[in-house]
There are 2 protein chains.
Amino acid sequence: MANDCRAELLAVGTEILLGQIHNAHAQFISQELAKHGLYVYHHGAVGDNEARIVNAFATAAQRSNVVIATGGLGPTGDDLTKEALARFLQRNLVMSDEALAEIVQYFARRQRPMPEQNRKQALCIEGGEWLPNPNGTAPGQYVFDRGVHFFLLPGPPLEMRPMLRDDVIPRLVRLFGGERKLVSRILHFCGIGESDVDEQIVDLTSGDNPTVAPYAGEGEMLLRITATADTEEAARKLIEPVEAEIRSRFQPFIYGEGDDSLPSVVIERLRRQGRTLGVAESCTGGMLAEMLTDIPGSSQAFVGGVVAYANQVKEYLLGVSSKTLAECGAVSEETAKAMAEGVRRALATDFGVGITGIAGPGGGTQEKPVGLVYVAVADARQTRVYRLQLRGSRAQIRLRSCKQACWRLLQLMDEYL
Amino acid sequence: MANDCRAELLAVGTEILLGQIHNAHAQFISQELAKHGLYVYHHGAVGDNEARIVNAFATAAQRSNVVIATGGLGPTGDDLTKEALARFLQRNLVMSDEALAEIVQYFARRQRPMPEQNRKQALCIEGGEWLPNPNGTAPGQYVFDRGVHFFLLPGPPLEMRPMLRDDVIPRLVRLFGGERKLVSRILHFCGIGESDVDEQIVDLTSGDNPTVAPYAGEGEMLLRITATADTEEAARKLIEPVEAEIRSRFQPFIYGEGDDSLPSVVIERLRRQGRTLGVAESCTGGMLAEMLTDIPGSSQAFVGGVVAYANQVKEYLLGVSSKTLAECGAVSEETAKAMAEGVRRALATDFGVGITGIAGPGGGTQEKPVGLVYVAVADARQTRVYRLQLRGSRAQIRLRSCKQACWRLLQLMDEYL
């Protein structure tokens, strides 16, 4: 064990148990703790029921030395987390004048009167500390008892996250100082199947430190290499040779690393090359443009796009000939080619992309089934068209089409290097 | 308590505790059980560590009478869920010839040899039953012991979900037969703030059956009315008067119900009216077109769109005059209006939408700060432009802009009724 931290996360809220919302806090807090080498061994969720929350704290206290609970700190009668912990620890709740002053000020800044029920939020567990919440009315709570560090954090993410980052994690790092560092390295793959990658890394996935784990994505996949060591640098040194080996085996299929995504790499490479892009989309209906413009600063490289859903748009705005549409059909190699070339011409860009296909669930025929998609990428010298037969839902087919378009565009751009 | 089902969900996998993936199963299974009035009282997650999985089963068995565990049924040494439950129950694992035959056939259908390590997946908990898995190699497990119904399901969603639906839920319904039915009714709101709704439904949210709960969304919100009764019809009867009251208070802001979304309602209403739509997007970069074309069958109403990211596209394809762009700027009431009218003209549609703004994080000025967005909706008779000042991240500003555009378009379309 790298350090003595044995953390447990407890989400409180009946809406989680009904499946009405998903417990996003568990993933977020786990990630943040992992970054600091702090181990999480249990996640839990329980409803707004005081007896069950008390029991959940009791169970957690038996097996964990850090318990981070989220939710149930609001002003209403359904908010019971603080009350439950006080009951479990047999402590009183006492009014904190300082916490109350913060809540009063919170309302004053918004020029709203403080409802009487919000006073309850200034009650603190006796002998504990309240944690300031600049973004809401629910102060957090910290109390150490029975060898366990209990943290109670508010449920809204915009309140919970700053408190976690600014208060909880610094405390945990102080408490479990000298912890080992955990470093992860992510490599992104496209154009190769997950099983093909799996088969070729069997010798690398058996290791203990670093570990190598594949994760399947939609139309792409990633490998995560994770090492632990006393320092970040030492952890990175453990990762290096494994990463080099993986890169040597899969170089043409590795398009990025870390937080890279296919659209972010497309935009970044266009910007570096000083080149521009326009896209013409039929079945993906604007999704590729949306993905590319989701990248801040994309306007330097992405000029625009045409969502040519109806044939008339393919003709009017992209100059696809009515002959091509009539003879080959809207979903055809020829139409994809004419779309890529047409948008490149219409928007005067260096590169053009055309996507046309059948995303389903309706519209498929024996000859042109759902999932048939043509992707074309064009530059001044050439146009390449790829025929895809994709599986999955409408959303999956659309997303995979966009990713294939990015991937094929990157290959075309590589030729300029 | 409506019935005796006290279910607990346990997800097994270290990747969940590291925050590398989120525990999507918890939400999905909770929703499915809730639909059948089966109560879930605890969620948990634990890593790939046999001792801790054993302890998690022990804890669950003390407080729950149904335990559904997901993950850890694969062929590798890290897959320990079955082994842990066998250890906790002090039962043996025995090879099932039938389960093995299913696995062999699974590989045979794919014309691949069965790796030796997959034999392990045919081991079953003695005295239990294995559950067929048509979509993978991991059979599920069912065993009843100590008054607890234990179900072990495979981790991949495409394997877990059919097994849950076809096997687990029918068993639970038989076991906890005569259970009370839980019915939920969802109303979708736009154009009104969550706090405004909250304040006006205080008298309705204090009830026990039905309950009324607001949920904030991005740029919209919903109210969920939930009732339990012996029959679905009786539950619906409880909901009716509350729904009617809410509708009478908020009618203009309620745009849909159930699975409706803003784009689905836009498409549905266009189809019903036999009218068509084209959209011109700058800062949203194709997101509105993507949302609309995400709806199956949208091609009957949605003709196409122009992603006019660069000014030249606004001029060339939409006919926005260079004078307007130079004098008023790309982010202006005049440009939004010209975009909506331009796309309507260029694509020959009944309605046109124009969106231009500053999604950030860069590009803002004192005069035109990040979050300033103009939305224009046009038909043959008029064009309306709305100035929005939105808060949040780039993604939030873009999403909220698209939703506002849908909402304003619906208002314009209402005038044809």
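Source: prediction; values computed, not measured.

1. Notes on the side chain of His149 of chain B
Residues and elements named next belong to chain B. For His149, the location among the structural elements is in strand S8 (residues 148-153). Here His149 falls in the buried class, since its relative accessible area comes to 9%. In terms of polar contacts, His149 uses its side chain to reach the side chain of Tyr142, at 2.8 Å. In contact with His149, other than residues within four places in its own chain, are Asn65, Val66, Val67, Tyr142, Val143, Phe144, Leu175 and Phe176.

2. Examining the sheet that holds strand S7 (residues 140-145) of chain A
Strands sit in the order S6(A)-S7(A)-S8(A)-S3(A)-S1(A)-S2(A)-S2(B)-S1(B)-S3(B)-S8(B)-S7(B)-S6(B) across an open sheet of 12 strands; the sheet is mixed. Edge positions in the sheet fall to strand S6 (129-131) of chain A together with strand S6 (129-131) of chain B, since each of these pairs with one other strand and no more. Across the sheet, the mean angle separating the axes of adjacent strands is 20° when strand polarity is ignored. Alignment of strand S1 (residues 7-12) of chain A against strand S3 (residues 66-70) of chain A, held across 5 bridges, turns out to be parallel. The residue of S3 of chain A that forms the bridge with Leu9 of chain A is Ile68 of chain A. The sheet strands contacting helix H4 (residues 81-89) of chain B are strand S1 (7-12), strand S3 (66-70), strand S7 (140-145) and S8 of chain B, and the helix crosses S8 of chain B at an angle near 160°. Here helix H6 (residues 157-175) of chain B sits on the sheet in contact with S3, S6, S7 and S8 of chain B, set at roughly 170° to S8 of chain B.

3. Considerations on the UniProt feature "domain: MoaB/Mog" (unreviewed entry) in chain A
Here, the residues flagged by UniProt with the feature "domain: MoaB/Mog" (unreviewed entry) are residues 8-175 of chain A. This span, residues 8-175 of chain A, is 42% helix and 23% strand, and a straight line between its end C-alpha atoms measures 16 Å.

4. What to know about helix H3 (residues 50-63) of chain A
For H3 of chain A, spanning 14 residues, the distance from its first C-alpha to its last is 21 Å, which sits close to the expected 20 Å at 1.5 Å a residue. In this fold, the buried residues of H3 of chain A make contact with S1, strand S2 (40-46), S3, helix H4 (81-89) and strand S8 (148-153) of chain A together with helix H3 (50-63) of chain B. Measuring from the backbone nitrogen of Ala51 of chain A back to the side-chain oxygen at the start of H3 of chain A gives 3.2 Å, which picks out Asn49 of chain A as the cap.

5. As for the interface of chain A and chain B
If you look at the interface, chain A gives 59 residues, while chain B gives 58 residues. A buried area of about 4700 Å², summed over both sides, lies between chain A and chain B, and 58% of it is on carbon and sulfur atoms. Counting the surface chain A buries against chain B, the share from its top three residues, Leu17, Gln20 and Tyr309 of chain A, is 12%. Put simply, chain A and chain B have 2 salt bridges between them. For Arg398 of chain B, the salt bridge is made with Glu290 of chain A, and the minimal N-O distance between the two is 3.1 Å.

Definitions and cut-offs
Residues numbered from 1 in each chain as written. Chains lettered and ligands numbered in written order. Predicted model: local features only at pLDDT ≥ 70, side-chain atom pairs only at ≥ 80, totals over all residues. Heavy atoms only, no water. Helix = DSSP H or I, 4+ residues; strand = E, 2+ residues; numbered from the N terminus. Buried < 20%, exposed > 50% of the residue type's maximum accessible area, 1.4 Å probe, protein only. Polar contact = N/O pair within 3.5 Å; in protein donor to acceptor, adjacent residues only side chain to side chain. Contact = heavy atoms within 4.5 Å. Pairing = 2+ DSSP bridges. Axes fitted to C-alpha atoms, helices over the stretch in contact; angles between N-to-C directions. UniProt positions renumbered as here; feature names shortened; annotations may be inferred. Expected span 1.5 Å × (residues − 1). Buried area = accessible area lost by both parts, 1.4 Å probe. Salt bridge = Lys/Arg side-chain N within 4 Å of Asp/Glu carboxyl O.

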